[in-house]
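Chain and residue survey
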2 protein chains.
Amino acid sequence: MALIVQKYGGTSVGSPDRIKNVARKVAKFHAQGHQIVVVVSAMSGETNRLIALAKELTPAPDPRELDVVVSTGEQVTIGLLAMALHAEGIPAKSYTGAQVKILTDDAHTKARILSINDAAIRSDLSEGKVVIVAGFQGVDTEGNITTLGRGGSDTSGVALAAALKADECQIYTDVDGVYTTDPRIVPEARKLDTITFEEMLEMASLGSKVLQIRSVEFAGKYKVKLRVLSSFKEECQGTLITIEESKSMEQPIISGIAFNRDEAKITVQSVPDQPGIAYQILGPVADANIDIDMIIQNSGHNGLTDFSFTVGRSDLDKTINVLDSVKAVINAKGIESDKSLCKVSIVGVGMRSHPGVAAKMFRTLSEEGINIRMISTSEIKISVVIEEKYLELAVRVLHKAFGLGGAG
Amino acid sequence: MALIVQKYGGTSVGSPDRIKNVARKVAKFHAQGHQIVVVVSAMSGETNRLIALAKELTPAPDPRELDVVVSTGEQVTIGLLAMALHAEGIPAKSYTGAQVKILTDDAHTKARILSINDAAIRSDLSEGKVVIVAGFQGVDTEGNITTLGRGGSDTSGVALAAALKADECQIYTDVDGVYTTDPRIVPEARKLDTITFEEMLEMASLGSKVLQIRSVEFAGKYKVKLRVLSSFKEECQGTLITIEESKSMEQPIISGIAFNRDEAKITVQSVPDQPGIAYQILGPVADANIDIDMIIQNSGHNGLTDFSFTVGRSDLDKTINVLDSVKAVINAKGIESDKSLCKVSIVGVGMRSHPGVAAKMFRTLSEEGINIRMISTSEIKISVVIEEKYLELAVRVLHKAFGLGGAG
């Protein structure tokens, strides 16, 4: 008998029929004697509907009140799922974040969990009840309703699993696990049985479609056994996200290939090569709430250097506007941008012990005539920025070169 | 400066535009220096939508979980109204029933309010904030979300007004007050400036469309000054529901004419005229959750009597089924029913001091050839059951005979 936390996303509970489907799934685990805590998102589309209502009233709704409105989405789902479980003959009880209580800080719309009171849940579980908890929400010390931000239900699930010392946290989604790369680009892409937390974090661009990155960090920190699996396919083990590296002899050097289409590169030309210049350029960009991805600065000539970085393509115009106003201050010669770029990354803990992985990646790309515009590396990841038109080709040839396909 | 509790129903907050309209109304009172607590219902249609979702999962949803689901309707409205007030430049803060906290018993879907903690509301009011409270909901001692039943938002409003010792509780609806009778039947019907609580209770059949009867009882008990007015018409004083009788010299004998179309009369024939017979007949009917209205029992002949009562027409078949199974037990000769009936009532505290009111009513009806089938009286009301086809005629001639029209 295990204690399992199961999290079902918006698509999995998107209609009364799908909620019944979840109830049947939960009932099966319950019948096997497991203790089950279910965390649910709002029915798909509901959160957007509520945000749209708020935006009709004011373009920038007060975050506290937005949380009051948006948190109702998950509250509806917990009640409905409890009813569906009752209809299956399973005792079940729902909890809002406040009822649990999931205590957070007061950063409305992006609150962080401080603590979870597990007393009521443990008591219900010991009575054989399935406990259903509203994801994405909590309550601050003043009793205000808070939300954890988009994708926060994954974090709720992992945090509950950590607080309850659950044997496993299962994240049910509409995909059946983590793949070596996107199967729409490489049909030979293979579902991974396991992946390490570090790799999962580096696979962000793939992984974020599957799992909220913040929940992966949380799971890694609290050593929660996390599994991604499909709520629609039966009898599928999904992908287990592990703390230890696989002990298999056949440990692959790299585990997967991630990519991001919408990259834009900005180069600030001929800026003084002096301390503080990076902050002078990137400070105002960060202040404008623009996420910066890769950053490259070479040593220059004659005390001048070019400073390059990438941002999401939709942020390009905004970024250039910000830089236009700092250009004179930092005495730059000009600002150059390129928005038809993409990023491709190979990820794998195996590369730590295998020299020559970078060389192999660069040779593979050069054999296809693909020019590398930027390079960035970490312990377990090598990323390159290339022209977007080469994205599919690059992913395919790298997938093959590193032996990720089919029988692997 | 007054402390005013304003309650807006589902139609008044039925869309973002209407919520903005409410915000402007509230802002005007706030600008006059009043302290305002606003109680809101769910946006019109929302409660029904949520109940329908629940019914898709199970025909008889668990009441605790139904309350979890249904209470989200008001929670959405409080957040949206707070945003709309912010957009008007008014500081405002929303509260769920649990946040207030409005403590109730644990009778889910029809809970009764036990107490209201006014500390947080008072503190916000003293800071100049408008306080917005979700109607219809509360929380029990265990922290479970409860609802007060349909129309419970009126009760929330009155209960808050009582707890805060508000100067007035204003119920905004889509009508502009209480009328002497339904203007669709009598075009000369006149809006009443005042009506007593007792009269309002007796006007139930008219009043229930305007005000939840339970809230009127509550207001009477706690001496809350209650006013019904339109959320759409400006500059209208509505109808004030008062504790004292009007001191006007021109005090009318009756205040209004109420009616109910859907009456059905049932007569249980020749039952033994002995103690306990009423309970033997009506006990099983009440157990079947059927509301009984008028009850008539005459003394009989030879130890036998006829026992008559009325029920809502939609309950007639169900009632007859129930009686069929008790017929043998009570040894009745037969059961007779008539479903083409209606009830017309004249209501007024003035009739206490004016003999002859009943006689005038009966004469007026007989002059039109309307046969009276049942009569029932209280201190301030006389009701008659007549054939339904005479309803409009009866209401019109009584309205005229008692001088309720136009200039009064």
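To start, this report covers the structure provided alongside it. Keep in mind that this is a model prediction, so the values were computed, not measured. (Residues numbered from 1 in each chain as written. Chains lettered and ligands numbered in written order. Predicted model: local features only at pLDDT ≥ 70, side-chain atom pairs only at ≥ 80, totals over all residues. Heavy atoms only, no water.)

Turning next to the interface of chain B and chain A. Opposite the 39 residues of chain B that make contact, chain A presents 39 residues. Carbon and sulfur atoms make up 67% of the area that chain B and chain A hide from each other, which totals about 3000 Å². Of all residues in chain B, L57, Q75 and M83 of chain B bury the most surface against chain A, accounting for 23% of the area lost on that side. Counting the contacts that link chain B with chain A gives 2 salt bridges. Across the salt bridge formed by R49 of chain A and E46 of chain B, the nearest N and O atoms sit 3.7 Å from each other. Viewed at the interface, chain A and chain B are joined by 12 residue pairs in polar contact (both at pLDDT 80 or more). (Contact = heavy atoms within 4.5 Å. Buried area = accessible area lost by both parts, 1.4 Å probe. Salt bridge = Lys/Arg side-chain N within 4 Å of Asp/Glu carboxyl O. Polar contact = N/O pair within 3.5 Å; in protein donor to acceptor, adjacent residues only side chain to side chain.)

Turning next to the pairing of strand β14 (residues 292–297) of chain A. Residues and elements named next belong to chain A. Summarising the sheet, β14 and strand β15 (residues 304–312) pair through 4 bridges and their orientation is antiparallel. Its bridge partner being in β15, I296 is matched across the sheet by S308. Hairpin connection of β14 to β15: 6 residues between the antiparallel strands, including N302 at a positive phi of 55°. (Pairing = 2+ DSSP bridges. Helix = DSSP H or I, 4+ residues; strand = E, 2+ residues; numbered from the N terminus.)

Following the criterion strictly, the structure yields 43 salt bridges over all chains and no others. The salt bridge partner of K225 of chain B is E168 of chain B, with a shortest N-O separation of 3.8 Å. Here K225 of chain B, found in the loop between α10 (213–221) and β11 (226–230), pairs with E168 of chain B, found in strand β9 (residues 168–173); they are 57 residues apart in sequence, far enough to count as distant. What makes K225 of chain B partly exposed here is its relative accessible area of 41%. A network of salt bridges, in which partner residues are shared, links R261, D262, R313, E388 and E392 of chain A. (Buried < 20%, exposed > 50% of the residue type's maximum accessible area, 1.4 Å probe, protein only.)

At an RMSD of 0.2 Å, chain B and chain A line up after a rotation of 179° and a shift of 0.1 Å along the axis. The operation mapping one copy onto its partner corresponds to a two-fold rotation axis. When each C-alpha of chain B is compared by its distance to the rotation axis, T72 of chain B comes out closest, at 2.6 Å. A shared interface surface links the copies, since 100% of the contact residues of chain B are contact residues in chain A too. (Least-squares fit on C-alpha atoms with pLDDT ≥ 70 in both.)

Take α10 of chain B next. All names here are of chain B. Residues of α10 that are buried: R214, S215, V216, F218 and A219. On the buried face of α10, the contacting elements are α7 (152–163), α8 (197–202) and β11. Positive backbone phi, at 55°, marks K223, one or two positions downstream of α10.

Below, the discussion takes up empty space enclosed by the protein. Under the criterion given, the structure shown has 1 cavity of 30 Å³ or more. Size it by volume and the largest cavity reaches roughly 40 Å³. If you trace the largest cavity, you find it lined by E46, R49, L50, T72, G73 and V76 of chain A together with E46, R49, L50, T72, G73 and V76 of chain B. Listing elements by their share of the lining of the largest cavity, those giving two or more residues are α2 (46–57) and α4 (72–87) of chain A together with α2 (46–57) and α4 (72–87) of chain B. When grouped by side-chain class, the residues that make up the lining of the largest cavity number 4 nonpolar, 4 polar and 4 charged. (1 Å grid on protein atoms, 1.4 Å probe; cavity = no way out; pocket = protein on both sides within 12 Å on 5 of 7 lines; lining within 4 Å. Points joined across faces, edges and corners; volume = space filled by probe spheres on them. Nonpolar A, V, L, I, M, F, W, Y, C, P; charged D, E, K, R; others polar.)

It is worth spelling out the side chain of T173 of chain A at this point. All names here are of chain A. Relative to the elements of secondary structure, T173 occurs in strand β9 (residues 168–173). Side-chain polar atoms of T173 contact the backbone oxygen of V175, separated by 2.9 Å. Contact partners of T173, with chain neighbours within four places excluded, come to S12, V210, V228, L229, S230, S231 and F232.

We now examine the pairing of strand β13 (residues 256–272) of chain A. Residue and element names in this part refer to chain A. The buried count for β13 comes to 12 of 17 residues, which makes it a mostly enclosed element. Direction of pairing for β13 relative to strand β16 (residues 334–347): antiparallel, over a ladder of 11 bridges. Residue pairing for β16: G256 is matched across the bridge by V347. As judged from the 8 bridges shared by β13 and β15, these two strands associate in the antiparallel manner. Bridged to E263 within β15 is G312.

Attention now goes to the layout of surface pockets. As a volume, the largest pocket reaches approximately 930 Å³. Along the wall of the largest pocket there are 39 residues; nearest its centre are A98, Q99 and V139 of chain A together with A98 and Q99 of chain B. Elements supplying a minimum of two residues to the lining of the largest pocket: β3 (92–95), α5 (97–100), α6 (119–126) and β7 (137–139) of chain A together with β3 (92–95), α5 (97–100) and β7 (137–139) of chain B. Split into classes, the residues belonging to the lining of the largest pocket amount to 10 nonpolar, 18 polar and 11 charged.

A few words now on the sheet that holds strand β14 (residues 292–297) of chain B. All names here are of chain B. The strand order across the open sheet formed by 6 strands is β14-β15-β13-β16-β18-β17, and the pairing between neighbours is antiparallel. Taken across any chain shown, the strands that pair with only one partner, and hence form the sheet edges, are β14 and β17 (374–378). Strand-to-strand twist in this sheet, taken as the mean axis angle between neighbours without regard to direction, amounts to 30°. The strands touched by helix α13 (residues 357–367) within the sheet are β16 (334–347), β17 and β18 (381–387), with β18 carrying the most contacts at an inclination of about 20°. (Axes fitted to C-alpha atoms, helices over the stretch in contact; angles between N-to-C directions.)

We now examine the environment of K28 of chain B. Residues and elements named next belong to chain B. Position of K28 relative to the elements: it lies in helix α1 (residues 16–31). On the basis of relative accessibility, which here comes to 39%, the residue K28 falls in the partly exposed class. Excluding residues within four positions of it along the chain, K28 makes contact with E234 and E235.

Bringing the packing of helix α1 (residues 16–31) of chain A against α4 of chain A into the picture now. Residue and element names in this part refer to chain A. Interaxial distance between α1 and α4 falls to 9 Å at its minimum, and their mutual angle equals 60°. One finds that α1 runs oblique with respect to α4. Note that α1 runs across α4; the crossing there is right-handed. Between α1 and α4, the contacting residues are I19, K20, V22, A23, V26 and A27 on the first element and L80, L81, A84 and L85 on the second. Of the residues that constitute the contact of α1 with α4, the class distribution is 9 nonpolar, no polar and 1 charged. (Parallel < 35°, antiparallel > 145°, perpendicular 65-115°, else oblique. Left-handed = near helix turned anticlockwise from the far one by under 90°.)

Taken by themselves, the reported measurements are silent on function.
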